[in-house]
Amino acid sequence: MSLNQTDKERVKAFWSKVAGRADAIGAESLARLIVVYPQTKTYFAHWKDVSPNSPNVKKHGKTVMGGVADAVTKIDDLKGGLLSLSELHAFTLRVDPANFKLLTHCILVVLAAQFPADFTPEVHVAMDKFLAAVARALAEKYR
Amino acid sequence: MVEWSDQERSIINSIFASLDYEDIGPKALSRCLIVYPWTQRYFGGFGNLYNAEAIKTNPMIAAHGIKVLHGLDRAVKNMDNIKATYAELSVMHSEKLHIDPDNFKLLADCLTIVIAAKMGTAFTADIQAAFQKFLSVVVNALGRQYH
């Protein structure tokens, strides 16, 4: 299920529309992740405040979305382009890859809620494929 | 047995009370067929599913989307006993329709996204959590009688 040319064009076109709000999208997506899938809070036990509106969540959401934005620019070679991020997730963070799917779903929900007219089924499938490819690239070094 | 808080019951009832079945049903099903094209395997007799545009304008798919969405009504009315409520439907999906139960989750995810698009910022994280909990109970119940 690799990205074809149409997928890449759709992702880049849609991303240019939403990039301006990337920070807020990231914060919102992460907040939803910990509310809808409370087990994901286990990765943030080192934060005193893990509530959805906390400054930590907002800041980390921005960091994560920054990674997604970077991935858009490296869409032609995600495995190579995200190598160091993959090593980070594999050896330091060790986030169970199942959680990538959960975060992907939350990102898609936020995109649908904030860009209902632009998040058409065609854009949805392209973004879903793209985020799945990013997740695969991040899990590359796990074992 | 699944425990529902008063807030969760209220959220589910509220969503379904104001639901436009004729709009949301077709959108959810057609989105599922577009985003997860392998689900088209169950719709061989539904006419032209050749591309996204064809799927979106296919009247048989639209009608079926409405029917499937109304299928959730039973769960809304019987939230404390969804498992038993769907026993017969589960058998039907297994024995007659032969649908891989993994597909139920795919449709549930598309429905969540269509509702999110409709409600916008009103679709808060708490509402999303309650709605997804409801759908996961339904999905579970529909897969329960497979063997």
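Since the structure is predicted, the reported quantities are computational estimates derived from the model, not experimental observations.

What counts, and at which threshold
- Counting starts from 1 at the beginning of each chain's written sequence and moves along it residue by residue.
- Lettering of chains starts at A and numbering of ligands starts at 1, both following the order in which they are written.
- At least 70 in pLDDT is required for a residue's local features to be given in this predicted model, at least 80 for side-chain atom pairs to be given and counted, and no such filter applies to totals for whole chains, interfaces and linings, which use all residues.
- The side-chain figures draw on all heavy atoms in the structure; neither hydrogens nor water molecules are used.
- As a per-residue quantity, pLDDT reports the predictor's confidence and falls between 0 and 100.
- Each helix corresponds to a stretch of at least 4 residues labelled H or I by DSSP, and each strand to a stretch of at least 2 residues labelled E; elements are numbered beginning at the N terminus.
- Throughout, exposure labels follow a simple rule: accessible area from a 1.4 Å probe, protein chains only, divided by the maximum for the residue type, with under 20% read as buried, over 50% as exposed, and the rest as partly exposed.
- It only takes one pair of heavy atoms within 4.5 Å for two residues to be counted as in contact.
- As used here, buried area is the combined drop in accessible area, with a 1.4 Å probe, of two parts when they are placed together.
- One speaks of a salt bridge when a side-chain nitrogen belonging to Lys or Arg is within 4 Å of a carboxyl oxygen belonging to Asp or Glu.
- Think of it this way: a Phe, Tyr or Trp ring, Trp meaning its six-membered ring, pairs with another when their centres are within 6.5 Å, and the plane angle makes it stacked under 30 degrees, edge-to-face over 60, tilted otherwise.
- Charges are assigned to positions over rings by a cutoff of 6 Å between ring centre and Lys NZ or Arg CZ, combined with an angular limit of 35 degrees from the ring normal.
- Among the buried residues, those of types Ala, Val, Leu, Ile, Met, Phe, Trp, Tyr and Cys that are joined through side-chain atoms within 4.5 Å form a nonpolar core.
- Orientation is described by lines fitted to C-alpha atoms, with helices fitted over the stretch in contact, and by angles between N-to-C directions that extend from 0 to 180 degrees.
- Here a crossing is called left-handed whenever its near helix is offset anticlockwise from the far helix by less than a right angle, and right-handed whenever the offset is clockwise.
- Classification convention: Asp, Glu, Lys, Arg as charged; Ala, Val, Leu, Ile, Met, Phe, Trp, Tyr, Cys, Pro as nonpolar; all other residues, Gly among them, as polar.

A.B. asks: Explain the confidence of the model for chain B to me, please; I cannot follow it from the model alone.
C.D. replies: The predicted coordinates of low-pLDDT regions are not to be read in fine detail. In the predicted model, chain B carries a mean pLDDT of 96, and the fraction of residues at 70 or more is 100%. Prediction confidence for the complex, expressed as pTM and ipTM, is 0.92 and 0.87 respectively.

A.B. asks: What is the right way to read unusual backbone geometry from this model?
C.D. replies: For residues that are not glycine, phi is negative in most cases, and the peptide bond is trans in most cases. Even without a glycine there, the phi angle at Arg-94 of chain A is positive, about 50°. With respect to the element layout, Arg-94 of chain A can be found in the loop between helix H5 (83-93) and helix H6 (98-114). What makes Arg-94 of chain A exposed here is its relative accessible area of 59%. Residue His-98 of chain B is not a glycine yet carries a positive backbone phi of 55°. Its location among the elements puts His-98 of chain B in the loop between helix H7 (87-96) and helix H8 (102-119).

A.B. asks: Sorry if this is basic, but what is going on with the interface of chain B and chain A here?
C.D. replies: For an interface, size is often stated in terms of accessible area lost upon the parts coming together. Each side of the interface is counted separately: chain B has 23 residues, and chain A has 19 residues. When the buried surface of chain B facing chain A is broken down by residue, Arg-31, Ile-113 and Gln-128 of chain B rank first, second and third, together holding 30% of it. Here chain B is connected to chain A by one salt bridge. Taking the shortest distance from any N to any O, the salt bridge between Glu-122 of chain A and Lys-56 of chain B comes out at 2.9 Å. Elements with a minimum of two residues in the side of chain B that touches chain A: helix H2 (21-35), helix H3 (52-57), H8 and helix H9 (125-143) of chain B.

A.B. asks: Which parts of the structure should I look at to understand the pattern of salt bridges?
C.D. replies: Two side chains bearing opposite charge may form a pair once their charged atoms approach each other closely. As enumerated under the stated definition, the model contains twelve salt bridges over all chains in all. Glu-28 of chain A is the salt-bridge partner of Arg-32 of chain A, the closest N and O atoms lying 2.9 Å from each other. Of this pair, Arg-32 of chain A and Glu-28 of chain A both sit in helix H2 (residues 22-36), four residues apart, roughly one helical turn. Overall, the relative accessible area of 29% leaves Glu-28 of chain A in the partly exposed class. The salt bridge involving Asp-109 of chain B is made with Lys-105 of chain B; its shortest N-O contact spans 3.1 Å.

A.B. asks: Looking at this structure, how should I read the environment of Leu-88 of chain A?
C.D. replies: All names here are of chain A. Turning to its location among the elements, Leu-88 is positioned in helix H5. Taking the relative accessible area as the measure of exposure, Leu-88 reaches 35% and is therefore partly exposed. Distance in space between the C-alpha atoms of Leu-88 and Met-1 is 25 Å, their sequence separation being 87 residues. The contacts of Leu-88, once residues within four sequence positions are left out, are Leu-93 and Arg-94.

A.B. asks: Which parts of the structure should I look at to understand the packing of aromatic side chains?
C.D. replies: How two aromatic rings sit relative to each other is set out by the distance from centre to centre and by the angle between their planes. Counting across every chain of the model gives eleven aromatic pairs over all chains. Taking the centre distance of 6.4 Å and the plane angle of 85° together, the rings of Phe-100 of chain A and Tyr-142 of chain A count as edge-to-face. Of this pair, Phe-100 of chain A sits in helix H6 while Tyr-142 of chain A sits in the segment after helix H7 (121-138), and the two are 42 residues apart along the sequence. Looking at Phe-100 of chain A, the relative accessible area reads 12%, which means it is buried. Between Phe-123 of chain B and Phe-131 of chain B the ring centres are 6.4 Å apart and the planes differ by 80°, which places this aromatic pair in the edge-to-face class. A relative accessible area of 1% places Phe-131 of chain B in the buried class. A connected cluster of aromatic rings, assembled from ring pairs, spans Trp-4, Phe-16, Phe-123, Phe-131 and Phe-134 of chain B. Here the guanidinium or amino end of Lys-133 of chain B rests over the ring plane of Trp-4 of chain B, the centre of that ring lying 4.9 Å away.

A.B. asks: Looking at this model, I keep getting lost on the nonpolar core. Mind explaining?
C.D. replies: One recurring pattern in soluble globular proteins: nonpolar side chains tend to sit buried together. Counting residues in each nonpolar core, the largest one holds 88 residues, and the members touching the most others are Phe-130 of chain A together with Phe-16 and Phe-134 of chain B. Of the residues forming this core, the biggest block, twelve residues, is contributed by H9 of chain B. Membership of the second largest hydrophobic core comes to 15 residues, among which are Val-35, Phe-43, Ala-52 and Ile-55 of chain B.

A.B. asks: I would appreciate a short explanation of the packing of H2 of chain A against helix H3 (residues 55-73) of chain A in the present structure.
C.D. replies: Describing two packed helices takes the angle between their axes plus the distance from one axis to the other. Residue and element names in this part refer to chain A. With their axes 7 Å apart at the nearest point, H2 and H3 run at an angle of 115° to one another. In this structure, the crossing between H2 and H3 has a hand that is right-handed. Packed against H2, whose contacting residues are Ala-22, Asp-23, Ile-25, Gly-26, Ala-27, Leu-30, Ala-31 and Ile-34, the element H3 presents Val-57, Lys-58, His-60, Gly-61, Lys-62 and Met-65 at the interface. For the contact of H2 with H3, a count of residues per class yields eight nonpolar, three polar and three charged.

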